[in-house]
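# Observations on chain architecture
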Amino acid sequence: TKVDSHRLMHKQQRNVHNKIFGGELMRISFDMAFIAARCFTGIDMCHFYAVDDIHFLKPVSIGSVMEFSAWVTYSTPSHLVIVVVVEELDVKNGTRSKTNQLTYIFEADSQVEPLPEVLPKEYEEMVLYLSGKRTLDNCLKGATQ
């Protein structure tokens with residue numbers, strides 16, 4: 001499951017350095033991850049479990065057109081790993097550059113049926129799948145220690 005959204009970054013979202021506040025990008029990416037979880041499961045019975053990696057790769061300028069893409073990369077019967085990639089679109093020359101990448105983990109409520117399984121089809125999807133598996137395994141291992 002993949003969901004996309006485009007946003008225009010406004011000056012109300014700026015920080016003291018006149019760039020977009022990272023917390024605003026995190027909020028939008030969390031919304032995208034939640035929507036991906038709902039679309040993947042088809043139910044409103046998943047809740048946030050953990051945030052794993054947050055990579056701020058480059059600052060985002062006011063007025064930028066941003067694309068937020070959220071993928072369900074790995075699942076178990078009770079957990080989902082969702083990666084959100086944030087890219088800045090250069091509307092003049094049609095290029096894009098990655099500015100952020102965030103990884104979220106969601107958990108299904110105990111009374112629901114087992115979650116569907118992610119089945120990668122292409123090489124890139126398999127790489128994301130294995131990364132998601134490692135992320136979840138490390139997160140769950142840390143929670144039991």
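Okay, so let's go over this structure. Bear in mind the structure is a predicted one, so any value in this text is a computation, not a measurement.

Conventions and cut-offs
- Residues numbered from 1 in each chain as written.
- Predicted model: local features only at pLDDT ≥ 70, side-chain atom pairs only at ≥ 80, totals over all residues.
- Heavy atoms only, no water.
- Core = buried A, V, L, I, M, F, W, Y, C linked by side-chain atoms within 4.5 Å.
- Buried < 20%, exposed > 50% of the residue type's maximum accessible area, 1.4 Å probe, protein only.
- Helix = DSSP H or I, 4+ residues; strand = E, 2+ residues; numbered from the N terminus.
- Contact = heavy atoms within 4.5 Å.
- Expected span 1.5 Å × (residues − 1).
- Phe/Tyr/Trp six-rings, centres within 6.5 Å; stacked < 30°, edge-to-face > 60°.

## Digging into the nonpolar core
General note: in soluble globular proteins, nonpolar side chains tend to be found buried as a group. With 34 residues, the main nonpolar core has M9, F68, L80 and I82 as its most contacted residues. The set of elements that each furnish at least two residues to this core consists of α1 (22–41), β2 (46–56), β3 (65–75), β4 (79–90), β5 (95–108) and α2 (123–144). If you tally residues by element for this core, the top one is α1, at 7 residues. Beyond its immediate chain neighbours, meaning those up to four positions away, L80 contacts A37, F40, T41, C46, V72, Y74, S75, Y104, I105, F106 and L115.

## Considering α1
Taking 1.5 Å as the rise per residue, α1 with 20 residues should run 28 Å; its terminal C-alpha atoms sit 28 Å apart, in good agreement. All buried positions along α1 are accounted for by G22, E24, L25, I28, S29, M32, A33, A36, A37, F40 and T41. Where α1 is buried, its residues meet β1 (2–8), β2, β3, β4 and β5. A positive phi of about 75 degrees marks G42, the residue just after α1.

## A look at the packing of aromatic side chains
The full count for this structure, using the stated rule, is 7 aromatic pairs. Ring geometry for F30 and F48: centres 5.5 Å apart, planes at 75 degrees, overall edge-to-face. A residue pair is termed long-range when its members are at least 10 positions apart, and F30 in helix α1 and F48 in strand β2 qualify at 18 residues. Exposure remark for F48: the relative accessible area of 37% places this residue in the partly exposed category. With a centroid separation of 6.2 Å and 80 degrees between ring planes, the pair formed by F48 and F106 is classed as edge-to-face.

Remember, this is a structural readout, not a statement about activity or role.
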